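Observations on the model geometry
Here is how the chains run, residue by residue.
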Amino acid sequence: MFAGSAVQVFGAAGALTLSDNARAATSPLTLRIGYQKSSTLIVLAKARGTLARALAPHNVTLTWHEFTSGLPLLEALNVGSIDFSADVADTVPVFAQAAGARIAYVARETPSPDAEAILVPQNSPIKTLADLKGKRVAVTKGAGVHYLLIAALQSVGLRINDVQPAYLTPADARAAFASGNVDAWVTWDPFLAGIEHQDKVRTLTSARGLAGYQRYYLATPAFARDHDAVLREVYRTLRETGQWVRANPRDAAAQLAPLWGLDAATVEAANKRRSYDVQPVVRDAIAEQQRIADAFTQAGLLPKRVDAADAILWQPPA
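Residues numbered from 1 in each chain as written. Predicted model: local features only at pLDDT ≥ 70, side-chain atom pairs only at ≥ 80, totals over all residues. Heavy atoms only, no water.

Taking an unreviewed UniProt entry as the reference, the protein is identified by name as Putative aliphatic sulfonates-binding protein belonging to Pandoraea horticolens. Regarding the protein, the relevant UniProt record gives this comment under Subcellular location (unreviewed entry): "Periplasm". As its UniProt record puts it under Function (unreviewed entry), the protein is described as follows: "Part of a binding-protein-dependent transport system for aliphatic sulfonates. Putative binding protein." (UniProt positions renumbered as here; feature names shortened; annotations may be inferred.)

Put into structure tokens, the structure is as follows:
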């Protein structure tokens, strides 16, 4: 447990580990996995069957549940509709905690700041971030891009109230952007690469220098407590899948293209901007989560202050 915080550590490296390995290997278990379109590593592990094979010796059956974005995904985790959440942007756990959710961090993907950006049409009169003042900006509430918008505006002395946020799902945001119903769109890969390759757009800024854009894998606290052996296999599969994507970018793009409804070249461009480097969640990451939470609180977008340390950290074997 971290000094002065509520963080509890479960798993191979934690003092609260439960010896459930024998039970997990013999008792049937259904692992309900939530994911979204941008959950590259889980999407590949599902399509290639690698996670199912890894968990077969543990008598685990997988069910898959797709969500439009991270916030509804973690709402499902909070109410117990799923057990494990594929990667969501760093902002999403903060919003979940603000809604009273108890969460367990399982893993993270190291920062990918070039994988999200603020876009305008190529011929837009908007030339700088300051020009966004008073403009209608499409953004997905609670997603990593929501924090990027706040940080980008703050960098030029503006606040979220200085623009007109249009809180939309990625699909609805793209439609609004294409039709001219919004002036700018804050989005992330693969949606970012998709519109870059299909429409005439201009990037006002990426997240580089503004937001780290880490992605987190989470579980319910009960699952993290009771199924250490299963999470070890999930973690190992995610790490190996990320390593495979980085080593085989064309093969990965070819496999993802039909799943995402994009051409392989677009997928490969999106993947180049993601780290896919799966690592344990460490104390510094929780400190960054607190900075994100405080920014949303100061912007008046959270109902109460969030203590990012009020969470469980599951730790993989060393």
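What follows continues from the structure just given.
**Quick look at the environment of K127**
With respect to the helices and strands, K127 occurs in the loop between β6 (116–121) and β7 (136–139). With relative accessibility at 55%, the residue K127 sits in the exposed group. Along the chain, K127 and Q243 lie 116 residues apart, while their C-alpha atoms are 38 Å from each other. With residues up to four places along the chain from it excluded, the contact list for K127 reads R202 and L204. (Helix = DSSP H or I, 4+ residues; strand = E, 2+ residues; numbered from the N terminus. Buried < 20%, exposed > 50% of the residue type's maximum accessible area, 1.4 Å probe, protein only. Contact = heavy atoms within 4.5 Å.)

**Side note on the layout of surface pockets**
In this structure, the largest pocket spans a volume of roughly 150 Å³. Along its surface, the largest pocket is lined by L71, L74, E75, N78, F95, A96, A98, A99, A101, L302 and P303. Broken down by secondary-structure element, the contributors of at least two residues to the lining of the largest pocket are α4 (70–78) and α5 (91–98). Considering every element that reaches the lining of the largest pocket, the biggest residue donor is α4, with four residues. Across the lining of the largest pocket, the residue classes tally to nine nonpolar, one polar and one charged. (1 Å grid on protein atoms, 1.4 Å probe; cavity = no way out; pocket = protein on both sides within 12 Å on 5 of 7 lines; lining within 4 Å. Points joined across faces, edges and corners; volume = space filled by probe spheres on them. Nonpolar A, V, L, I, M, F, W, Y, C, P; charged D, E, K, R; others polar.)

**Digging into the domain arrangement of the protein**
As far as domains go, the protein holds domain 1 (29–111 + 214–313) and domain 2 (116–206). A straight line from the C-alpha centre of domain 1 to that of domain 2 covers 24 Å. Here domain 1 meets domain 2 over a buried area of about 1,900 Å², counting both sides, of which 67% is carbon and sulfur. A per-residue breakdown of the area domain 1 buries against domain 2 is headed by T266, R273 and L301, which together make up 22% of the total. (Domains from an automatic or database assignment. Buried area = accessible area lost by both parts, 1.4 Å probe.)

**Some points on the nonpolar core**
Core analysis: the biggest nonpolar cluster contains 72 residues, and L74, Y105, I118, L132, L149, V186 and L218 have the highest contact counts within it. Here this core takes seven residues from helix α6 (residues 144–154), the largest share from any one element. If we skip the residues at most four places from it in the chain, Y105 touches P93, Q97, Y216, Y217, L218, V281, I286, Q289, A311, I312, L313 and W314. Of all hydrophobic cores here, the second largest spans 40 residues; its members include A86, A104, Y276 and W314. (Core = buried A, V, L, I, M, F, W, Y, C linked by side-chain atoms within 4.5 Å.)

**Some details on the UniProt feature "domain: Solute-binding protein family 3/N-terminal" (unreviewed entry) in the protein**
In the numbering used here, UniProt assigns the "domain: Solute-binding protein family 3/N-terminal" (unreviewed entry) feature to residues 30–248. Secondary structure across residues 30–248 comprises 40% helix and 26% strand; the distance between its end C-alpha atoms is 31 Å.

**Thoughts on the sheet that holds β6**
Pairing is mixed in the open sheet, where five strands are placed in the order β8-β7-β9-β6-β10. The open sheet has two edge strands with one neighbour each: β8 (164–167) and β10 (201–206). Here the strands of the sheet are splayed against their neighbours by 30 degrees on average, with no regard to which way each runs. Examined bridge by bridge, β7 and strand β9 (residues 184–188) share two bridges and lie parallel to one another. (Pairing = 2+ DSSP bridges. Axes fitted to C-alpha atoms, helices over the stretch in contact; angles between N-to-C directions.)

**Remarks on the packing of aromatic side chains**
All chains considered together, the criterion is met by eight aromatic pairs. Ring plane angle 70 degrees and centroid distance 5.1 Å describe the contact between Y105 and Y216, whose orientation is recorded as edge-to-face. Placement of Y105 in strand β5 (residues 104–109) and of Y216 in strand β11 (residues 215–219) is noted, with a sequence separation of 111 residues between them. Residue Y105 shares its accessibility class with Y216, and that shared class is buried. Judged by centre distance (5.3 Å) and plane angle (85 degrees), the rings of W188 and F191 are edge-to-face. Since its relative accessible area comes to 15%, F191 is described here as buried. Here the aromatic residues F95, Y147 and F296 are joined through ring pairs into a cluster of three or more. Above the plane of the ring of W244 lies R48, whose end atom (NZ or CZ) is 4.0 Å from the centre. A cation sits over an aromatic face here: K141 above Y167, 5.9 Å from the ring centre. (Phe/Tyr/Trp six-rings, centres within 6.5 Å; stacked < 30°, edge-to-face > 60°. Lys NZ or Arg CZ within 6 Å of the ring centre and 35° of its normal.)

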